[in-house]
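Structural characterization, general
Here is what each chain is made of, one letter per residue.
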Amino acid sequence: MGSLRLAAILLLVGSPALAQSAPTYGLGRTPSAEEIRARDINIGPTGEELPAGHGTPKEGAKVFELQGCIVCHGPEAVGGVGPRLNSKTSQDLPIWKRERILPLRSPFATTVWDYIHRGMPLGREGTLTPDEVYALTAYLLFLNKVIPEDTVLDEKSLPKVKMPIGDGYARLPEWKHGTPRLQGYPY
């Protein structure tokens, strides 16, 4: 019985050493900083990650038609099988009483750019050039009366666009590692 306990203790003490000396099988490698940067396509509210480029609402209307956005979203971004992108309700209504439209409910104009860049066109996601994405963003913001028709959006002007939702969006609560995520949330 004593030798069985000794074997169990040695097994428990020696297992971390065994795990550290496990073979790697020669698969995979650590990615370079440049490879990580190339895959990091997040665009934050400040827009510091935005690529160079520019676009106007007028150019965006052409891109909307040429890229086939009309097929899903309908003419002037209303009436297709995809989500509505142009509000037809009164501007006098509070933002939460209007339709659920990305260019209206997004807290930052950079979020609209980021969504178009990552997720459109359906089935060909990520194929639009930065100029096309700036133009489409400008077009949708213009249709929803967020920016004037003569606005040129680029990496400097886009983060400065004041969105209709203002500060009325839900901010993430302050959180520190090891504490509950939300008050009353047990995990």
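Okay, so let's go over this structure. Please read all numbers here as calculations on a predicted model, not as lab measurements.

In this structure, the amide linkage connecting Met 120 to the following residue, Pro 121, adopts the cis form with an omega of -10°. Following the sequence through the fold, Pro 121 ends up in the loop between helix 6 (109-119) and helix 7 (130-143). A positive phi angle is found at Glu 76, which is not glycine, with a value near 55°. Position of Glu 76 among the secondary structure elements: in the loop between helix 4 (69-73) and helix 5 (102-105). The residue Ala 77 is not glycine, and still its phi comes out positive at about 65°. With respect to the helices and strands, the residue Ala 77 is situated in the loop between helix 4 and helix 5.

Moving on to the layout of surface pockets. In this structure, the largest pocket occupies an estimated 430 Å³ of space. Every residue lining the largest pocket is counted, 22 residues in all, and those nearest its centre are Cys 72, His 73, Leu 85, Tyr 115 and Met 120. For the lining of the largest pocket, the secondary structure elements donating two or more residues are helix 4, helix 6 and helix 7. With 3 residues, the top contributor of residues to the lining of the largest pocket is helix 4. A per-class count over the lining of the largest pocket returns 15 nonpolar, 4 polar and 3 charged.

The rules behind the values
- Residues numbered from 1 in each chain as written.
- Predicted model: local features only at pLDDT ≥ 70, side-chain atom pairs only at ≥ 80, totals over all residues.
- Heavy atoms only, no water.
- Helix = DSSP H or I, 4+ residues; strand = E, 2+ residues; numbered from the N terminus.
- 1 Å grid on protein atoms, 1.4 Å probe; cavity = no way out; pocket = protein on both sides within 12 Å on 5 of 7 lines; lining within 4 Å.
- Points joined across faces, edges and corners; volume = space filled by probe spheres on them.
- Nonpolar A, V, L, I, M, F, W, Y, C, P; charged D, E, K, R; others polar.

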